[in-house]
Amino acid sequence: MSNISNIDFDNLSRDDLIAILECKKEDILELMSLANSKREHNYVTYSKNVFIPLTKICRNNCGYCAFKQNPDDPDAIILLDKEEVLSTLKEAEKYGCKEALFTMGEDADTEEAVKAKLEKLGFKNMCEYIYDICKMTVEETDLLPHTNAGNFPYEDMKMLKEYNISMGMMLESSSERLMSTIAHEKSPGKDPKIRLETIENAGKLNITYTTGILIGIGETKEEIADSLLKIKELCDKYGHIQEVIIQNFTVSPGIEMENHEEPSLLDMVRTVAAAQLLFDGDVSVQVPPNLNYETSQIFLLCGTDDWGGVSPLSEDYVNPSSPWPTLEKLEKLTKDAGYELKERLAIYEKYINEKYIENPDLLEKTKRAQEEIGNK
């Protein structure tokens with residue numbers, strides 16, 4: 001008997017999610033069709049961005065990380081000068097980019113090299129520096145900031161909201177058990193209690209937020225279900241989560257988990273379908289196209305409706321061995337699957353209002369940008 005035949009897809013329980021995540025091969029096509037039926041429109045969105053790592057110093061040492069650099073590395077990005085950032089932003093304007101994606105290692109200012117650079121630039125901490133970078137972006141360029149910087153305390157997030165149209169951080173997993181495995185044992189910032197608190201604080205502050213899970217790092221199906229349910233709980237409570245990313249672990253040369261097995265395509269299909277069915281079209285579900293170059297269309301048939309941020313200018317610094325597909329390639333893949341490719345901002349249109357963007361100048365700029373892409 002099918003292990004999904006008795007599932008109430010309109011009211012999914014934890015056991016239902018686990019059954020979906022463990023479904024048999026003969027149920028896969030039915031599962032994909034059910035997930036795709038939750039699609040709300042006939043287009044797939046993307047955000048044209050520039051990816052700027054403000055620092056690659058990080059206090060965490062994740063077993064799967066290909067982003068972090070040590071301060072003594074000769075090519076380490078300790079902290080970018082404002083002039084370097086502005087130059088890249090101006091270049092991104094020429095490509096028509098709308099999103100300035102600012103990433104960085106978590107709690108980088110706990111490292112002496114970063115502290116020294118901050119002091120030299122006149123800042124007390126990373127939050128002050130990021131605020132200044134985002135303010136400059138809004139005031140001196142056509143781009144709109146989205147900051148993805150890991151955990152932040154409430155007051156720092158409140159400060160950064162003034163010049164960010166959205167923010168984000170991957171939950172990755174709600175599993176406490178993974179904190180004692182190769183994935184997270186050297187990464188205090190990956191404590192799920194801390195990360196869930198950060199996502200909840202974003203909700204309390206009405207910050208439009210992107211989060212998601214990482215699969216293939218040693219988690220169980222039960223832990224995947226729990227992670228998705230934790231995100232759903234916060235989404236239902238605050239309504240601020242605009243997008244959930246289902247990201248697959250991929251091997252990169254030199255990482256600690258270099259010999260670790262990657263998740264299978266069917267594991268990704270099951271997980272994407274589970275997320276799509278759980279969030280029921282209220283939240284966009286995304287699978288990074290550069291990590292699934294040959295299989296990305298499969299996920300469109302599971303209901304995913306967003307390609308995420310794609311840059312015509314910068315690489316994916318978190319996954320340096322996985323280049324972005326060109327926009328021409330994305331359009332071809334999207335049309336071939338029967339959908340239309342549509343540009344969006346780093347904030348989804350339904351969140352472009354005074355509740356989520358309190359800075360009137362930033363709100364007006366965001367509305368103008370939305371109108372511009374809507375007229376394309």
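The rules behind the values
Residues numbered from 1 in each chain as written. Predicted model: local features only at pLDDT ≥ 70, side-chain atom pairs only at ≥ 80, totals over all residues. Heavy atoms only, no water. Core = buried A, V, L, I, M, F, W, Y, C linked by side-chain atoms within 4.5 Å. Buried < 20%, exposed > 50% of the residue type's maximum accessible area, 1.4 Å probe, protein only. Contact = heavy atoms within 4.5 Å. UniProt positions renumbered as here; feature names shortened; annotations may be inferred. Helix = DSSP H or I, 4+ residues; strand = E, 2+ residues; numbered from the N terminus. Phe/Tyr/Trp six-rings, centres within 6.5 Å; stacked < 30°, edge-to-face > 60°. Lys NZ or Arg CZ within 6 Å of the ring centre and 35° of its normal.

A. Structural detail: the nonpolar core. By size, the foremost hydrophobic cluster in this structure holds 97 residues, and its most contacted members are Leu54, Phe102, Tyr129 and Ile246. When residues no more than four places from it in sequence are discounted, the contact partners of tyrosine 129 are Leu54, Leu79, Leu80, Leu118, Leu121 and Phe123. Grouped together as the second largest cluster of nonpolar side chains are 14 residues, Phe51, Leu101, Trp324 and Ala337 included.

B. View of the UniProt feature "binding site: [4Fe-4S] cluster" (unreviewed entry) in the protein chain. The positions UniProt marks with the feature "binding site: [4Fe-4S] cluster" (unreviewed entry) are Cys58, Cys62 and Cys65. Mapped onto the fold, cysteine 62 is located in the loop between strand S1 (43-55) and helix H3 (82-94). Beyond its immediate sequence surroundings of up to four residues, cysteine 62 is in contact with Ala183, His184, Ser187 and Lys190. Position of cysteine 65 among the secondary structure elements: in the loop between S1 and H3. Its relative accessible area of 30% is what places cysteine 65 among the partly exposed residues.

C. Representation of the packing of aromatic side chains. Considering all chains together, one arrives at three aromatic pairs under this definition. Between phenylalanine 123 and tyrosine 129, the ring centres sit 5.7 Å apart and the planes meet at 80 degrees, which makes this aromatic pair edge-to-face. The class for phenylalanine 123 is buried, based on a relative accessible area of 16%. The interplanar angle of 85 degrees and the centroid separation of 4.8 Å between the aromatic rings of tyrosine 351 and tyrosine 356 together place this pair among those described as edge-to-face. Tyrosine 356 carries the same exposure label as tyrosine 351, and that label is buried. Over the aromatic face of phenylalanine 67 sits the side chain of lysine 56, whose NZ or CZ is 5.4 Å from the ring centroid. Cation over ring: lysine 342 sits above tyrosine 43, and NZ or CZ is 4.2 Å from the ring centre.

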